[in-house]
Amino acid sequence: MLKEPHPGRVKTRLGRGLGMVGAAWWFRHQVRRLLREVEDPRWRLVLAVSPDHEGLASRVWPSHLPRIAQGRGDLGDRMGRVFRDLPPGPVCIIGADIPGVRAYHIAKAFAALGDHDAVFGPSEDGGYWLVGLKRMAAQPAGMFASVRWSSADALADTQRSLGRLRIAHVETLRDVDEVGDL
């Protein structure tokens, strides 16, 4: 999931310390590096873009990668839409602001879905950099309801919403939200 790298519209908390132009520049180059790192023949890489129309037509991201619109709503609404709209089978969603993500992390997450219903890649701040679902049955109702986004409770809130599903974790990685995270 990623946004167009426009100053003041992406990585605004980072921009408060680094400047909005610097934050957008960092994000654009971080995403390019991330895409090179995680593009792999073992899975299909799809860009879930925002804002919808601009992201679908963007020339910033590699043209050979398919794109889908994130749509409206909070992060949970948008991730839920990605899970619902893609063809059946396992799906992992990752954030674009995690410098440490490598293809082997993604492979471990898909492997974990072999005997689990969901997988998370926790981040050091209490959120998560990856969420994956096996998606063999209907998505849990309210999976992302009542999640306190951008807080130390985001992972715990999301896991709670999954009820009795079998949950696995992969490595904890650090995301970049503020200049101190760099």
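The structure under discussion appears in the preceding block.
We now turn to the structure provided with this report. This one's a predicted model, so the numbers in the text were calculated from it and none came from an experiment.

So, on to the sheet that holds strand E1 (residues 2-3). Judged by pairing direction, the sheet is parallel, and its three strands sit side by side in the order E1-E2-E3 without closing on themselves. At either end of the open sheet lies a strand with only one pairing partner, and these are E1 and strand E3 (67-69). Of the pairings in the sheet, the one linking E1 to strand E2 (residues 47-50) comprises two bridges and is parallel in character. Across the sheet, the residue bridging to Lys-3 is Ser-50, located in E2.

This brings us to the side chain of Gln-30. Looking at the element boundaries, Gln-30 is found in helix H2 (residues 20-38). We classify Gln-30 as buried; its relative accessible area is 6%.

Throughout the structure, instances matching the rule amount to eleven salt bridges. Between Lys-11 and Asp-97 there is a salt bridge, with its nearest N and O atoms 2.7 Å apart. One end of the pair, Lys-11, is in the loop between E1 and helix H1 (12-18); the other, Asp-97, is in the loop between strand E4 (91-94) and helix H5 (103-112), and 86 residues separate them in sequence. Both residues of the pair, Lys-11 and Asp-97, belong to the buried class. It is possible to trace a salt-bridge network through shared partners that takes in Lys-11, Arg-13, Asp-97 and Asp-177.

Okay, the nonpolar core next. Counting residues in each nonpolar core, the largest one holds 35 residues, and the members touching the most others are Val-101, Val-119 and Trp-129. The set of elements that each furnish at least two residues to this core consists of H2, E2, E4, H5 and strand E6 (128-133). Top element by residues in this core is H2. It accounts for eight residues. Within the second largest apolar cluster, 17 residues are counted, among which are Ala-48, Val-82, Ala-118 and Phe-120.

With that out of the way, let us pick up the packing of aromatic side chains. Enumeration over the complete set of coordinates arrives at five aromatic pairs. Judged by centre distance (6.1 Å) and plane angle (40 degrees), the rings of Phe-144 and Trp-149 are tilted.

Mapped onto the elements, Gly-126 comes out in the loop between strand E5 (118-122) and E6. If sequence neighbours within four positions are ignored, Gly-126 has contacts with Ser-151, Ala-152, Asp-153, Ala-154 and Leu-155.

Our next topic: the pairing of E4. Alternating residues of E4 divide into Val-91 and Ile-93 and Cys-92 and Ile-94, and every residue in both groups is buried. Bridge count for E4 against E6 is four bridges, and the pairing is antiparallel. Each bridged residue has a counterpart across the sheet, and for Ile-94 the counterpart in E6 is Leu-130.

The subject of this paragraph is unusual backbone geometry. Cis geometry is adopted by the peptide bond preceding Pro-51, which originates at Ser-50 and carries an omega value of -10 degrees. Along the polypeptide, Pro-51 turns up in the loop between E2 and helix H3 (52-57). A positive phi angle is found at Lys-11, which is not glycine, with a value near 55 degrees. The class of Lys-11 is buried, set by a relative accessible area of 15%.

A few words now on the layout of surface pockets. The volume enclosed by the largest pocket comes to roughly 890 Å³. The wall of the largest pocket is formed by 34 residues, among which Lys-11, Leu-75, Asp-97, Ser-150 and Asp-177 lie closest to the centre. Only E1, H1, helix H4 (75-85), E4 and E6 provide two or more residues apiece to the lining of the largest pocket. It is E6 that provides the largest number of residues to the lining of the largest pocket, a total of four residues. Partitioned by chemical class, the residues of the lining of the largest pocket number 18 nonpolar, seven polar and nine charged.

Rules and cut-offs
Residues numbered from 1 in each chain as written. Predicted model: local features only at pLDDT ≥ 70, side-chain atom pairs only at ≥ 80, totals over all residues. Heavy atoms only, no water. Pairing = 2+ DSSP bridges. Helix = DSSP H or I, 4+ residues; strand = E, 2+ residues; numbered from the N terminus. Buried < 20%, exposed > 50% of the residue type's maximum accessible area, 1.4 Å probe, protein only. Salt bridge = Lys/Arg side-chain N within 4 Å of Asp/Glu carboxyl O. Core = buried A, V, L, I, M, F, W, Y, C linked by side-chain atoms within 4.5 Å. Phe/Tyr/Trp six-rings, centres within 6.5 Å; stacked < 30°, edge-to-face > 60°. Contact = heavy atoms within 4.5 Å. 1 Å grid on protein atoms, 1.4 Å probe; cavity = no way out; pocket = protein on both sides within 12 Å on 5 of 7 lines; lining within 4 Å. Points joined across faces, edges and corners; volume = space filled by probe spheres on them. Nonpolar A, V, L, I, M, F, W, Y, C, P; charged D, E, K, R; others polar.

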